[in-house]
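Reading the structure
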Amino acid sequence: DYYERALPVYKIKKSNSRDLAVIYENLGAVCLLMNDPLSSLDYNYKSLSQYNKLAICGEEWDISQLKENIREAEDKLGLHVVVENDKYGFADKDGNKIIPCVWRYAKGFSEGLAPVMNDDGKTDYINYHGEIVISNVNGNGFPFHGGIADVMDDISHYYIDMDGDYVGCGMYFDSDP
């Protein structure tokens, strides 16, 4: 209760602070203890994102417990890709559909987001609730690693961050010598 009441204050007053990361992490841990892995993952990935922002500024923290909590919550939830009538969605480890099969293609979750192809042939990134967090990325989006995802289209290869912002480009290498 105290963390939930403190959260709006820290979002405004200390939006780029370790304190906000700790509040998210603590809320995630409480949700995990209360057997609510979905909420735990939401909070833990917000915490991880906050720690990643701090790391860019040169600050480093021990996030080993946070990563362990994420692994435990993901294991409890057990989301995996399922296909029904040529559409992709996600089910939990008991086979219950958690995210409906409405996508042209889907890849697994990584860092709290899963790349899915929409009907326009563009990539959306969805969270564990099936909500679109990043929409209409041009090209084939890949899972996030270290807060960055590869995107490839017919002529280019570039990277986006977890806000969907362009952060750099890559190169194609022809497989022929």
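The structure reproduced in this document is the subject of the present report. Note that the structure is a prediction, hence the values are computed from the model and not measured. (Residues numbered from 1 in each chain as written. Predicted model: local features only at pLDDT ≥ 70, side-chain atom pairs only at ≥ 80, totals over all residues. Heavy atoms only, no water.)

The subject of this paragraph is the nonpolar core. Leu41, Phe90, Phe109, Ile126 and Tyr128 are the most contacted members of the largest nonpolar core, which totals 23 residues. Contributing elements (two or more residues each) for this core: helix 2 (18–33), helix 3 (37–56), helix 4 (64–77), strand 2 (87–91), strand 3 (97–103) and strand 5 (114–117). The element best represented in this core is helix 3, accounting for five residues. Among the nonpolar cores identified, the runner-up in size contains nine residues, and Ile134, Val137, Phe144 and Val151 belong to it. (Core = buried A, V, L, I, M, F, W, Y, C linked by side-chain atoms within 4.5 Å. Buried < 20%, exposed > 50% of the residue type's maximum accessible area, 1.4 Å probe, protein only. Helix = DSSP H or I, 4+ residues; strand = E, 2+ residues; numbered from the N terminus.)

In this section: the packing of helix 2 against helix 3. Packing of helix 2 against helix 3 brings their axes to within 7 Å, and their N-to-C directions diverge by 160 degrees. If you check the angle between helix 2 and helix 3, you find them roughly antiparallel. Remark: the crossing between helix 2 and helix 3 carries left-handed chirality. Each of Arg18, Leu20, Ala21, Val22, Tyr24, Glu25, Leu27, Gly28, Ala29, Cys31 and Leu32 in helix 2 lies in contact with helix 3, whose residues at this interface are Ser39, Ser40, Tyr43, Asn44, Lys46, Ser47, Gln50, Tyr51 and Leu54. Residues of the contact of helix 2 with helix 3, tallied by class, amount to 11 nonpolar, six polar and three charged. (Axes fitted to C-alpha atoms, helices over the stretch in contact; angles between N-to-C directions. Parallel < 35°, antiparallel > 145°, perpendicular 65-115°, else oblique. Left-handed = near helix turned anticlockwise from the far one by under 90°. Contact = heavy atoms within 4.5 Å. Nonpolar A, V, L, I, M, F, W, Y, C, P; charged D, E, K, R; others polar.)

Counted according to the given criterion, the structure contains seven aromatic pairs. Put simply, the rings of Tyr45, Phe90, Phe109 and Tyr128 touch in pairs and so form one group of aromatic residues. Positioned above the aromatic ring of tryptophan 61, the side-chain terminus of arginine 18 is 4.5 Å from the ring centre. Seen from the ring of phenylalanine 142, lysine 107 lies directly overhead, with NZ or CZ sitting 4.1 Å from the centre. (Phe/Tyr/Trp six-rings, centres within 6.5 Å; stacked < 30°, edge-to-face > 60°. Lys NZ or Arg CZ within 6 Å of the ring centre and 35° of its normal.)

Judged by side-chain polarity, Tyr3, Val30, Leu33 and Met34 come together as a nonpolar surface patch covering roughly 450 Å² of accessible area. One can find valine 30 in helix 2. Take valine 30: its relative accessible area is 35%, and that puts it in the partly exposed class. (Patch = residues over 30% accessible without salt bridge, like charges linked within 9 Å, V, L, I, M, F, W, Y side chains within 5 Å. Areas by Shrake-Rupley, 256 points an atom, 1.4 Å probe, with all protein chains shown as cover. Salt bridge = Lys/Arg side-chain N within 4 Å of Asp/Glu carboxyl O.)

Spatially, the three strands line up as an open sheet ordered 1-2-3, and their pairing is antiparallel. Strands at the two margins of the open sheet, each flanked by one partner only, are strand 1 (80–84) and strand 3. Averaged over neighbouring strand pairs, the angle between their axes works out to 25 degrees when direction is ignored. One ladder, built from three bridges, connects strand 2 with strand 3; its direction is antiparallel. The partner of alanine 91 across the bridge, within strand 3, is lysine 97. (Pairing = 2+ DSSP bridges.)

On to the pattern of salt bridges. The full count for this structure, using the stated rule, is four salt bridges. Among the salt bridges present, the one from lysine 87 reaches aspartate 119, with a minimum N-O distance of 3.0 Å. Here the residue lysine 87 occupies a position in strand 2, and aspartate 119 occupies one in the loop between strand 5 and strand 6 (123–126), the gap between them amounting to 32 residues. Residue aspartate 119 is classed as exposed on the basis of its relative accessible area of 55%.

Our focus in this paragraph is the packing of helix 1 (residues 2–13) against helix 2. For any two helices packed against each other, the geometry is given by the interaxial angle and the distance between the axes. Contact pair helix 1 / helix 2: the axes reach a minimum separation of 10 Å and the direction vectors enclose 150 degrees. Our classification of the angle between helix 1 and helix 2 gives roughly antiparallel. The hand of the helix 1/helix 2 crossing is left-handed. Counted together, Tyr3, Glu4, Ala6, Leu7, Tyr10 and Lys11 of helix 1 and Asp19, Leu20, Ile23, Tyr24, Asn26 and Leu27 of helix 2 form the full contact between these two elements.

Note that every value here comes from positions in space, so none of it alone points to a role or purpose.
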